[in-house]
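Each chain is listed here by its residues.
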Amino acid sequence: MDNNNNKMVGTGFNRFTTCSALFAMAFSLLLIITLLMYQNSTFYLSDSEGFSKDILGRRRPHNLSTNASDINGTSSESRVWQENLNITATKDIAYQNLTESDEGLNSSCSRFTNDSISPVKNVTERLYDGLQASGFDEASCISRFQSHLYRKASPHKPSSYLISKLRNYEKIHRKCGPWTRYYNRTMKKLLRSKKNSEDTTCKYLVWTPANGLGNRIISMAASFVYAVLTDRVLLVKFENDMMGLFCEPFLNSTWVFSKDSPFWNPKHVETYENMLAKNSSPSVLYLNLQHTRDDPEKFFHCDHNQKLVQKVPLLILQTDQYFVPSLSMIPSFNLEIAQMFPERDTVFHHVGNYLFHPSNEAWGQISRFYDAYLAKADEKIGLQIRLFTPDSTPHEAVMDLLLSCTLQHKLLPELDKKNSAASTSTHEDPSLKVVLVASLFPEFGEKLRIMYLTEPTITGEVVGVHQPSHEGSQKFHNNLHNMKAWTDMYLLSLCDVLVTTSLSTFGYVAQGLGGLKPWLLHRLVGNRTLHPNPPCQRDFSMEPCYHIPPKHNCEGKAIKDFSSSFPYMRSCLDYSSGVKLVNVSV
Ligand code: GDP
């Protein structure tokens, strides 16, 4: 028994050591695989100087991650920033070697380097018709790889010219983006000299937010188009409320403008208006293209002024507008835009789908909601109900408007009032319509839901109604609130049919991402007695409307009719002073 026991102990011990060795090997292997998987995600190890090192040993500041939890407590003192520049300038050579050669960068940073063994490359390229760069890591941005499972394939393919412009832009961004040698050098130069005497290799466009998330997304997209046209690096000034909503759009780089930059809140910056008055370009320029209707004409759409802006190394642009139409009014830009977007009304569709991938947190909420409520639908109808003056707009009037639009155009079925006891089981295979309601107010979704639960429909269709959130009011500086808004917009974009509210940029984002021409609900003025007829109209373009286009041409003459001077533009249906891009054949 003892012998046996010893044997058993011995065998057990041998087994234990073998298991331990196997476990240690498996653990090491797992660790290596995990590290490789995370090399393109936000995985950094702190060093003693307050910087982080990624898996390649590249040094980055802590706030490079766009996770909301990572962004607290960054200093905005330029002295600290200056020191950081000095540190990175001497120690970032390894990183610089990677960024200076794209070949080097790809082969060092991608999970797979060779086409024949590159599932990541093939998958991303296949999914987005070449719109996305290859080499992204799936774990850091799941939506980039999964959203095609949730969205119908777009009939609009990106042109090869657009694809080549994007690849070229990405090279510039990698070479000049935050914390590269070129970036550090340029920022140092700009700090030293206010005069624009030195030519810089890299030029920057810092997008600065204004208004709600819809306004921000469409204006970021327009800023990106402007950056591509002018070879600038687009950086976005994200406060905490914008962190963690989107994945990083550019491979192996960041677009987040550092809070540590002395140009985060610069004092005494030359304004665009001053620059025009002096007729000379400063090194840093502030340009305000926000929605202010009564401003004097900016003549931003004129060649001479663009030439002045073009010389400015650091352009700080504050905007809430989709100003792509005014870029199209500049002849040299227009040629490029025409080549990049042969279908003129696909600018936001392509640029939006290129730039805005929901972060893993946002994607979790979007995909779970979709799987739970939308996945089984035969048809998905998105209703976006935005009240600009909720206190003076009776909700019943809005509900009436919504119903007359959706019933008149057979987007939703009528109720079978005569046969209210009818059960759906009398229909062999009743089809399921799911209505996704996006609104700040819960009653719209709730009323529709009860309506279709209480009575059958004349078509026999079953109608399910779901509303992901009802925030009550627009909230500012609130990350969670923006996350819900982004989730709502994205879910709307996954629908087959959209009904949106006139003038709402929230709806513009959904229609653009989804490639949908929405039914536009007319604006209600006051109460139900002013009930407009028709209640809604089908839009002719999926592009966002530019609400404040120039009123004058470059000679100072009033522009009376956009479409006669610019055949690819039309007045917006929802706002006649605004313009939007259309296909020339429309
Ligand atoms: P716009 O004002 O309609 O052009 O759209 P914006 O998105 O620029 O601003 C409206 C803001 O109000 C949104 O960004 C949200 O913060 C909030 N909001 C308005 N409607 C909704 C909605 O249907 N769902 C959610 N979650 N938020 C909304």
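Above this text you will find the structure in question.
Rules behind the numbers
Residues numbered from 1 in each chain as written. Predicted model: local features only at pLDDT ≥ 70, side-chain atom pairs only at ≥ 80, totals over all residues. Heavy atoms only, no water. Helix = DSSP H or I, 4+ residues; strand = E, 2+ residues; numbered from the N terminus. Contact = heavy atoms within 4.5 Å. Buried < 20%, exposed > 50% of the residue type's maximum accessible area, 1.4 Å probe, protein only. Lys, Arg positive; Asp, Glu negative; His and termini not counted. Salt bridge = Lys/Arg side-chain N within 4 Å of Asp/Glu carboxyl O. Polar contact = N/O pair within 3.5 Å; in protein donor to acceptor, adjacent residues only side chain to side chain. Near = heavy atom within 4 Å. Areas by Shrake-Rupley, 256 points an atom, 1.4 Å probe, with all protein chains shown as cover. 1 Å grid on protein atoms, 1.4 Å probe; cavity = no way out; pocket = protein on both sides within 12 Å on 5 of 7 lines; lining within 4 Å. Sits in = over half its atoms within 2 Å of the grid points. Domains from an automatic or database assignment. Axes fitted to C-alpha atoms, helices over the stretch in contact; angles between N-to-C directions. Parallel < 35°, antiparallel > 145°, perpendicular 65-115°, else oblique. Nonpolar A, V, L, I, M, F, W, Y, C, P; charged D, E, K, R; others polar. Pairing = 2+ DSSP bridges.

**Comments concerning the overall build of the chain**
Step number 1: Looking only at helices and strands, the chain has 20 helices and 16 strands in total.
Step number 2: Across the chain, every contact between residues at least 6 apart in sequence was considered, and the portion connecting residues at least 24 apart equals 73%.

**Some thoughts on the side chain of Asp 488**
Step number 1: One can find Asp 488 in helix α18 (residues 479-493).
Step number 2: Of the side chains with opposite charge, Lys 484 comes closest to the buried, unpaired Asp 488, at an N-O distance of 9.1 Å.
Step number 3: At 3.1 Å, the side chain of Asp 488 forms a polar contact with the side chain of Ser 469.
Step number 4: Not counting the four nearest positions on each side in its chain, Asp 488 is found in contact with Ala 438, Pro 468, Ser 469 and Phe 506.

**Some details on the site of the ligand**
Step number 1: Taken together, 18 residues form the shell around the ligand, and within it Gly 214, Arg 386, His 481, Ser 504 and Thr 505 come nearest.
Step number 2: One of the side-chain nitrogen or oxygen atoms of Arg 386 is found 2.6 Å away from an oxygen atom of the ligand.
Step number 3: Backbone polar atom of Ser 439 to an oxygen atom of the ligand: 2.9 Å apart, as the coordinates give it.
Step number 4: Protein coverage of the free-state accessible area of the ligand, which is 560 Å², stands at 97%.
Step number 5: Because more than half of its atoms lie within 2 Å of the grid, the ligand is assigned to the largest pocket.
Step number 6: Going through the elements one at a time, α9 (213-230), β10 (432-439), α18 and α19 (505-514) are the ones with two or more residues in the shell around the ligand.
Step number 7: In terms of residue count, α18 provides more of the shell around the ligand than any other element does, four residues in total.
Step number 8: Counting contributing residues, the shell around the ligand receives three or more from each of domain 1 (29-357) and domain 2 (367-581).

**Side note on the packing of helix α7 (residues 160-176) against α9**
How two helices sit against one another is set out by the angle between their axes and by the gap between those axes.
Step number 1: Two numbers describe how α7 lies on α9: the axes approach to 10 Å, and their chain directions differ by 85 degrees. Taken together, the axes of α7 and α9 are roughly perpendicular relative to one another. Residues Lys 165, Leu 166 and Tyr 169 of α7 lie in contact with α9, whose contacting residues are Phe 224, Ala 227 and Val 228.
Step number 2: Across the contact of α7 with α9, the residue classes break down as five nonpolar, no polar and one charged.

**Points about the sheet that holds strand β6 (residues 270-271)**
Step number 1: Spatial strand order, β5-β4-β8-β7-β6: five strands in an open sheet with parallel pairing. Each end of this open sheet is capped by a strand with a single partner; those strands are β5 (232-236) and β6.
Step number 2: In this structure, β6 lies alongside strand β7 (residues 284-289), joined through two bridges in parallel fashion. Bridging from a neighbouring strand, Glu 270 pairs with Leu 285 of β7.

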